[in-house]
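# Topology and contacts: notes
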Amino acid sequence: MSPTRPANRPDAPHGATRRLTTAQALIAFLARQYTERDGRRQRLISATWGIFGHGNVAGIGQALLEAGHAGSPTAPTAPGHRMPFLQGRNEQAMVHAAVGYARQSGRLSAHAVTTSIGPGATNLVTGAALATVNRLPVLLLPGDTFATRPADPVLQQLEVPYAGDVSVNDCLRPVSRYFDRITRPEALIPAALQAMRVLADPVETGAVTLALPQDVQAEAYDWPEEFFAERDWHVRRPAPDTAELEAAVRAIRSARRPLIVAGGGVRHSAAEETLAAFTAATRIPVASTQAGKGALRHDHPADVGGIGHTGTATADELARTADLVIGVGTRFTDFTTASGTLFSNPTVRFLHLNISAADAHKLAALPLVADARAGLEALTAALAGRGYRVDPAYETEYAGSKEAWEEKVEASFATPVPTARPTQTQVLGLLDALVTEDDILINAAGSLPGDLHRLWRTRSRDQYHVEYGYSCMGYEIPAAIGVLLAEAARGARSRGHRPVWALVGDGTYLMNPTETVTAVQENLPLKLVILQNHGYASIGGLSEAVGAERFGTAYRHRDADGGFTGPPLPVDLAANAASLGMRVLRAATVDELGKALAEARDAEGPTCVYVETETPDTVSGPPSAQAWWDVPVAETASRPAAARAREEYDRQAASRRRHL
């Protein structure tokens, strides 16, 4: 992908230079990078998160200070090219916030994250992996040890006896889509251009790392003025190959029970309306992955809900009998395929529309390598006039199954006793009754993703924000901040803010609550819902299913035998959230919770709703999983629970199929 410059902006004078430090030059360069798609132009790097230490305070820190203030004698940016700075509390959380921002911005705008060397840099690794797995752009700028090595080792340097050029930043190589270490000022020029290319590329995007030795950051250099010219990085929409398109059309026309699996690529391509038009013409039902949920509204006739281990009974039964599975922008992970056991029709074939050739060829599929929207438009046009539409009996079948599933959802959401402690699914039911298409729900880990995928009624293309590519505990609160910043950038505040909910269990909250302070500092109207269930509920359930008997999953005092079956720990997470500056609303009953959620939704500042949830063993819980997931069970064990679990594992694994 090569950049272009706006036609109305002249090139910088050839041969002219500007003397700046490497850090100043980098910030000036970043402030002039733009993406363009479908005629819409916006800043590629719109802000920088940072925590400063000796590896970046005098370099990137000083450059950001100048970049945020017009009129500084050495300012590398004009007033129109300032670089806003955002103060974080945890490096991993800063990356999560940047990822949330990028997803809400359609991958067309991103944030940078700067850290010191040492633990500041290594704290980036989890967030970088999350960004790359989910293919969401974020620019990482960790400080690094001295390139010139005047003192060796320096504070926080990891000494590697067999390689003098290795630092802790090399941990970021496998989780980055592009990595470079800038050991000379002039090396920044090609590296920065490559970094922008990858960030703006819809196939390659993810975490991009430019490791910056602290001495090089502060070193001055005469930079060519052309380096600071505005650049537009065009985000392409490749159309499908003619031969692949014809093969795809033939496959669809011959299918009697086709099923679409919509993934995150539908959202990244802004292809929701195109998908709706395609289903209107063909009546093919649409199931969704975690990343693809919201591709169609929940009440669209063709929407049959989530697919896979956490899917609906409707979608999973259609998957078992489908003769053609049409993937649109999905990676087909093990949760989607039920670890290779879901698509069990002996004659099933696959057609994968994906902008990534690697994904388009999975499951021995017919590939249709193209942008999701461009590909769906081409398919719709190619099928027009050829008379294809699924059999009306198939429509009637999936419509009836969907109606039956909705009755199960209603039963799960029902709250017959207003004075009782709510279950987790009843919490979702109260939210379901409260929200509109403006609300955004954010979640990532625990048992909530499964309940949301099966039960949540998505009302808009961006309402459902569940990070399940990496399923990272602690993502929710910083990601919600990123979403709020993205909405503010597009002017949502002028129309009244969109309610953004971060839903977390107690385990997730304890993992990473620090960015609540950032929400308070920025006065962002974050709605945080803490569900206290005294442990790792999701893994507790999984542990029981695989014969590990919920070992080590409860937050309780030790018992006489040294286990964790004593009374619940007297941890007050509501008090903790209040101590970090949030307004906290406590709810003990279903009735109190409904009122607290409504009050939080209307709040102008950061607000927390805290509720202890009832276990689903004592009241009606959510429907069980509709498909298997492969978590290996001990092949030999002395305890009966593990032996029984292994018998069930062997039974399920026997139905696994490799689609070759």
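Up top you'll find the structure we're talking about.
The present account deals with the structure reproduced in this document. (Residues numbered from 1 in each chain as written. Predicted model: local features only at pLDDT ≥ 70, side-chain atom pairs only at ≥ 80, totals over all residues. Heavy atoms only, no water.)

## Notes on the overall build of the protein
- Of the regular secondary structure elements, the protein holds 24 helices and 23 strands.
- Taken over C-alpha atoms, the radius of gyration comes to 26 Å for the protein, in line with the 26 Å a tight globule of 660 residues would show.
- Across the 660 residues that make up the protein, the buried fraction comes to 57%.
- Pairs at least 24 apart in sequence give 77% of the contacts found in the protein among residues at least 6 apart.
- Taken as a whole, the protein presents about 25800 Å² of accessible surface, with 53% of it coming from carbon and sulfur.
- Between the mean site of the 64 positive side-chain charges and the mean site of the 72 negative ones, the protein shows a separation of 4 Å. (Helix = DSSP H or I, 4+ residues; strand = E, 2+ residues; numbered from the N terminus. Rg over C-alpha atoms; globule rule 2.2 N^0.38 Å. Buried < 20%, exposed > 50% of the residue type's maximum accessible area, 1.4 Å probe, protein only. Contact = heavy atoms within 4.5 Å. Areas by Shrake-Rupley, 256 points an atom, 1.4 Å probe, with all protein chains shown as cover. Lys, Arg positive; Asp, Glu negative; His and termini not counted. Charge placed at Lys NZ, Arg CZ, Asp CG, Glu CD.)

## Here we look at the pattern of salt bridges
- Applying the stated rule across the entire model yields 43 salt bridges.
- Taking the shortest distance from any N to any O, the salt bridge between Arg-297 and Asp-299 comes out at 2.9 Å.
- Residue class for Arg-297 comes out partly exposed when judged on its relative accessible area of 35%.
- On the accessibility criterion, Asp-299 (44% relative accessible area) is partly exposed.
- Arg-583 is the partner of Glu-599 in a salt bridge, and the nearest nitrogen-oxygen pair spans 2.1 Å. Placement of Glu-599 in helix α23 (residues 590-602) and of Arg-583 in strand β22 (residues 583-587) is noted, with a sequence separation of 16 residues between them. (Salt bridge = Lys/Arg side-chain N within 4 Å of Asp/Glu carboxyl O.)

## Section: the side chain of Glu-66
- Here Glu-66 is to be found in helix α2 (residues 57-67).
- A distance of 2.8 Å separates a polar atom in the side chain of Glu-66 from a polar atom in the side chain of Gln-62. (Polar contact = N/O pair within 3.5 Å; in protein donor to acceptor, adjacent residues only side chain to side chain.)

## Here we look at the sheet that holds strand β9 (residues 207-213)
- The six strands lie next to each other as β5-β4-β6-β7-β9-β8, forming an open sheet whose pairing is parallel. Sheet topology places β5 (85-87) and β8 (178-181) at the edges, where each strand pairs with a single neighbour. Direction aside, the axes of adjacent strands within the sheet are offset by 20° on average.
- The strands touched by helix α3 (residues 91-104) are β4 (45-50), β6 (110-115) and β7 (138-144); relative to β6, the strand with the most contacts, the crossing angle is about 170°. (Pairing = 2+ DSSP bridges. Axes fitted to C-alpha atoms, helices over the stretch in contact; angles between N-to-C directions.)

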